[in-house]
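Descriptive analysis of the structure
Letter by letter, the chains look like this.
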Amino acid sequence: MAIHRGGKSSSASSSSPCAHLRTAYHNCFNRWYSEKFLKGQWDKEECVSEWQKYQSCLSQHLEDKNLSSFLEGKGAADSSNQADSGSPVGGASTGVSQ
Amino acid sequence: MVKAYTQEHVYKHPWERVTSASWRKFTDPENKRILSHIVEVDTLNRKLDSASGKLYTTRVITVHAPGPWFIRKIIGQDICHCVESTIVDAQSRSMQLTTRNSSLQKFVEVEEKIRYEPHPDNPNGWTICQQETSIRIKPLSALASMAEKVEQRCAEKFLQNSVKGREVMERICKYLEAESRGISI
């Protein structure tokens, strides 16, 4: 069987170690989105330090969650037309590419 | 075998508010109880095109999808990951989300597209949401006989969850409306 998760499925509900940083980033993003971006002030990105802290935590923990392969798709925000690339979960042990 | 569904919903809220609500849908802790199938949402990539006012986002959504025991037995897990790609075009006021499952692709492919645009009859007050879901079960021999059943179940689940999603969206919109009245007007 190609797809299985090494018996870790019960840990699905445990909360992420990055939850606090994620919330801090979301709060900042939501504010920027409605107060700046939607009002035409899209010339510069904000929440940069919140983003960096959140991302560095995430990249350390993605591997635990078998998610590191997603980082390979970084930059492909409009990847909806991408060809079926097989089984990302199965190939997730190659390390974090960030 | 492919099943496709389209749904349409009109929010009596402006596009700006609805898309703000969309970003909060999976991440506001108050919605956790209703959207209990969503285990976790992480943003992996965000790119702002400051020349055109387009915002590109990639998120990974961890979904808990308990199925019948034989499904769990076969696929060995009951959570799956979906990748959501979003483009918001602030200039033309459109938001498009495309979500696909990235795990279990050997068995099933689900693609959901959601588009939020100003309603043509009331572009500054209402928002139209068009949702397209397609579900394709792979013709895998071991699964062929139960594929139909799985597909049906998958489809039911999706429809149930999209109703829940709409309820949550409506609630966040109301909240944001109250907030904007209280604070900025």
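Residues numbered from 1 in each chain as written. Chains lettered and ligands numbered in written order. Predicted model: local features only at pLDDT ≥ 70, side-chain atom pairs only at ≥ 80, totals over all residues. Heavy atoms only, no water.

The name that an unreviewed UniProt entry assigns to chain B is PRELI domain containing protein 3B, with the source organism given as Vitis vinifera.

An unreviewed UniProt entry lists chain A under the name Mitochondrial distribution and morphology protein 35, with Vitis vinifera as the source organism. Under the Sequence similarities (unreviewed entry) heading, UniProt states for chain A: "Belongs to the TRIAP1/MDM35 family." (UniProt positions renumbered as here; feature names shortened; annotations may be inferred.)

Observations concerning the overall build of chain B
The number of helices and strands found in chain B is three helices and seven strands. Relative to all contacts within chain B whose residues are 6 or more apart in sequence, the contacts with residues 24 or more apart total 57%. As displayed, chain B has an accessible area near 8800 Å², and 53% of this comes from carbon and sulfur atoms. (Helix = DSSP H or I, 4+ residues; strand = E, 2+ residues; numbered from the N terminus. Contact = heavy atoms within 4.5 Å. Areas by Shrake-Rupley, 256 points an atom, 1.4 Å probe, with all protein chains shown as cover.)

Here's the deal with the packing of helix 1 (residues 19-35) of chain A against helix 1 (residues 15-24) of chain B
Across the interface, helix 1 of chain A lies against helix 1 of chain B with an axial gap of 10 Å and an inter-helix angle of 165 degrees. Considering their axes alone, helix 1 of chain A and helix 1 of chain B lie roughly antiparallel with respect to each other. Read as a crossing pair, helix 1 of chain A and helix 1 of chain B show a hand that is right-handed. For the pair formed by helix 1 of chain A and helix 1 of chain B, the contact residues are F29, N30, Y33 and S34 of chain A on the first element and W15, T19, S20, W23 and R24 of chain B on the second. Counted by class, the contact of helix 1 of chain A with helix 1 of chain B contains four nonpolar, four polar and one charged residues. (Axes fitted to C-alpha atoms, helices over the stretch in contact; angles between N-to-C directions. Parallel < 35°, antiparallel > 145°, perpendicular 65-115°, else oblique. Left-handed = near helix turned anticlockwise from the far one by under 90°. Nonpolar A, V, L, I, M, F, W, Y, C, P; charged D, E, K, R; others polar.)

A look at the packing of aromatic side chains
Aromatic ring pairs are defined here through the distance separating the ring centres and the angle between the ring planes. On inspection of all chains with the given rule, the structure shows twelve aromatic pairs over all chains. Summarising the aromatic geometry, the rings of Y33 of chain A and F37 of chain A are spaced 5.5 Å apart at their centres and angled 25 degrees between planes, so their arrangement reads as stacked. For the pair Y33 of chain A and F37 of chain A, a shared accessibility class is recorded, and that class is buried. Relative to W23 of chain B, the ring of Y33 of chain A has its centre 6.1 Å away and its plane inclined at 75 degrees; by these criteria the two rings are edge-to-face. Of the two residues, Y33 of chain A is situated in helix 1 and W23 of chain B in helix 1; the pairing between them involves two chains. What links up through ring pairs into an aromatic cluster is the set Y25, F29, W32, Y33, F37, W42, W51 and Y54 of chain A together with W23 of chain B. Taking the ring centre of Y56 of chain B as reference, the NZ or CZ of K47 of chain B above it sits at 4.7 Å. (Phe/Tyr/Trp six-rings, centres within 6.5 Å; stacked < 30°, edge-to-face > 60°. Buried < 20%, exposed > 50% of the residue type's maximum accessible area, 1.4 Å probe, protein only. Lys NZ or Arg CZ within 6 Å of the ring centre and 35° of its normal.)

Examining the sheet that holds strand 2 (residues 38-49) of chain B
In a beta sheet, neighbouring strands pair by backbone hydrogen bonds and run either parallel or antiparallel. Here seven strands make up an open sheet; going across it, the order is 1-7-6-5-4-3-2 (chain B) and the pairing antiparallel. With partners counted over all chains shown, the strands left at the sheet margins are strand 1 (2-11) and strand 2 of chain B, one partner each. Sheet twist, expressed as the average angle between the axes of neighbouring strands with direction ignored, equals 15 degrees. Bridging between strand 4 (residues 79-89) of chain B and strand 5 (residues 94-101) of chain B involves eight bridges; their strand directions are antiparallel. In the strand pairing of strand 5 of chain B, I87 of chain B is matched with Q96 of chain B. Taken strand by strand, helix 1 of chain A contacts strand 2, strand 3 (54-64) and strand 4 of chain B, and its axis lies near 50 degrees from that of strand 2 of chain B. (Pairing = 2+ DSSP bridges.)

Here's the deal with the confidence of the model for chain A
Residues and elements named next belong to chain A. Chain-level pLDDT for chain A is 65 on average; 48% of the residues reach the 70-or-more range. Counting contacts from residues 1-14, a segment whose pLDDT is below 50, to residues more than four positions away or on other chains yields 19 contacts. For the stretch residues 72-98, pLDDT sits under 50, and the model shows 47 contacts to residues farther than four places along the chain or on other chains. (pLDDT = per-residue confidence, 0-100.)

Some words on the environment of I135 of chain B
As for its position among the elements, I135 of chain B is in strand 7 (residues 127-137). Between the C-alpha atom of I135 of chain B and that of E109 of chain B, which follows or precedes it by 26 residues, the distance is 5.7 Å.

Remarks on the side chain of S22 of chain B
Relative to the helices and strands, S22 of chain B resides in helix 1. Aside from chain neighbours lying at most four places away, what touches S22 of chain B is M95, L97, Y116 and M169 of chain B.

A short note on the confidence of the model for chain B
All names here are of chain B. Summarising the model, chain B shows a mean pLDDT of 83, and 79% of its residues fall at 70 or more. Per-element averaging of pLDDT across chain B places helix 2 (residues 69-75) at the bottom with 60 and helix 1 at the top with 95. Interface confidence in the predicted complex, given as ipTM, is 0.81; pTM for the same model is 0.74.

Comments concerning the packing of helix 1 of chain A against helix 2 (residues 48-61) of chain A
Residues and elements named next belong to chain A. Contact geometry of helix 1 with helix 2 gives a least axis separation of 9 Å together with a crossing angle of 150 degrees. In terms of axis orientation, helix 1 runs roughly antiparallel to helix 2. You can see that helix 1 and helix 2 cross each other, and the crossing is left-handed. The segment helix 1 lies against helix 2, with L21, R22, A24, Y25 and C28 engaging E50, W51, K53, Y54 and C57. Considering only residue class, the contact of helix 1 with helix 2 consists of seven nonpolar, no polar and three charged.

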